[in-house]
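Summary of the model geometry
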Amino acid sequence: MSTSPEEADTPIPDGQAAADAAPALGPVVMHSIAEIRTYVSALREQGLTVGLVPTMGALHAGHLSLVEAVQREVDAVVVSIFVNPTQFAPGEDYDAYPRTLEADAELLATVGADAVFAPTRTEMYPQGELRTSILPGLPGRYFEGKTRPTHFAGALTVVDKLLNIVQPDVAAFGEKDFQQLVLVTNMVTDLNLPVRILPVPIRRDTDGLALSSRNARLSETERVTALFLSKTVLAVQRQCADGALPSEAKRVGISLLEAQPGIEVDYLEIVEPQTFVPVADDVAGTARVILAARVGQVRLIDNAAVEIAGPATKENA
Ligand code: AMP
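The written sequence of each chain sets the order in which its residues are numbered from 1. Local features in this predicted model are restricted to residues of pLDDT 70 or higher, and side-chain atom pairs are both shown and tallied only at a pLDDT of 80 or more, whereas totals for entire chains, interfaces and linings draw on every residue. Just so you know, side-chain values use all the structure's heavy atoms and leave hydrogens and water out.

Quick look at the confidence of the model for the chain now. Low pLDDT means the predicted atomic positions in that stretch should not be read closely. Scored from 0 to 100, pLDDT reflects the predictor's confidence in each residue. A residue-level look at the chain finds 90% of positions with pLDDT of 70 or above and a mean pLDDT of 92. Residue contacts are defined here by distance: any two heavy atoms, one from each residue, within 4.5 Å place the two residues in contact. Contacts from residues 313-317, a stretch scored under 50 in pLDDT, to residues over four places away or in other chains number three contacts.

This part covers the sheet that holds strand 6 (residues 196-200). Strand pairing in a sheet relies on backbone hydrogen bonds. The paired strands run either parallel or antiparallel. Two strands are said to pair when DSSP picks up at least two bridges between them. Helix numbering and strand numbering both begin at the N terminus, where a helix is a DSSP run of H or I of at least 4 residues and a strand a DSSP run of E of at least 2. Strand order in the open sheet formed by six strands is 1-4-3-2-5-6, and the pairing between neighbours is parallel. Each end of this open sheet is capped by a strand with a single partner; those strands are strand 1 (28-30) and strand 6. For this sheet the average axis-to-axis angle between neighbouring strands, irrespective of direction, equals 25°. By the bridge criterion, five bridges tie strand 5 (residues 170-174) to strand 6 in an arrangement that is parallel. Paired with alanine 172 across the bridge in strand 6 is leucine 198. Between the N-to-C directions of two axes lies an angle of 0 to 180 degrees, each axis being a line fitted to C-alpha atoms and, for a helix, fitted only over the stretch in contact. Running at roughly 135° to strand 1, helix 2 (residues 33-45) makes contact with strand 1, strand 2 (50-55), strand 3 (76-81) and strand 4 (115-117) of the sheet. Sheet contacts for helix 7 (residues 151-166): strand 2, strand 3, strand 4 and strand 5; angle to strand 2, the most-contacted strand, approximately 150°.

A word on the packing of helix 3 (residues 61-71) against helix 4 (residues 101-111). Running from N to C, helix 3 and helix 4 point in directions that differ by 40°, and their axes come no closer than 10 Å. Between helix 3 and helix 4, the crossing angle belongs to the class labelled oblique. At the point where helix 3 passes helix 4, the crossing takes the right-handed sense. Across from Leu64, Val67, Glu68 and Gln71 in helix 3, the residues of helix 4 making contact are Leu107, Leu108, Thr110 and Val111. For classification, angles of less than 35 degrees are called roughly parallel, those exceeding 145 degrees roughly antiparallel, those between 65 and 115 degrees roughly perpendicular, and all remaining angles oblique. In a left-handed crossing the near helix is turned counterclockwise from the far helix by less than a right angle, and in a right-handed crossing that turn is clockwise.

In structure tokens form, the structure reads like this:
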């Protein structure tokens, strides 16, 4: 199997052959839109349902839990691997982003993923610049959208392209990128895309750190520091469960993070999970604590659901 489509020196199988070969050989790796379309059509002709897991590769157990979640819903799973340039701003880590296609395919074989769609940049963007793109609604302008103003337009556009190329019945997205999950779900509803979005909970390391492809770029010391992100998310969650007002729980979280040398906080907020508007102290219900911080050169995010009891419960306590 070639690790780079540009360097492929063996003939790429056509989609029909790939469909026939899939079960015995682990995931079939396809690089062109024509191949994956033929592959999926062949599955459809057999009456099989199809799932898609869009990724940027450098796969880890978090990605595998998406594959496993989709496998429970459909007959065949396609994993796309594409480091999408349009969701990176100049100066972000597009060039440094790990690219490990061969190892990714081996990992996917362990969970029985059927196919990998790993297009080249020119396959996805033959015109170079995008002439058309999808803009997120209001929730996409806050937090990740504020720090990275072009990020969500790039991410939504490539997700839409991938959905149009593969035409899956189900597509899985991780709660790890909670704002992205909400925006993709909104896009599918608003644009009447014929696919069901399957949300998948965050997979964490045994010590609590949310698994991320970017963790590989942390030094040993930075990884220890990065643990304070998940500890903070948990602490805020516990504060809320114990009846703290959102403003109090947020203050506890921020002071925990700021007390750690080596962490540069971008944001920490408790938000209404659909609108991403910060929750006021007089509301009750399920909200989301979201945070982003830089540890060394690496920007990391984390989040968790929090239950807010509301002011009455606290007074009565
Ligand atoms: P990425 O390759 O980082 O673009 O991620 C591809 C998909 O995997 C996205 O839907 C992510 O939210 C999801 N994902 C990444 N890390 C995790 C994790 N630790 N747990 C669950 N889903 C994840």
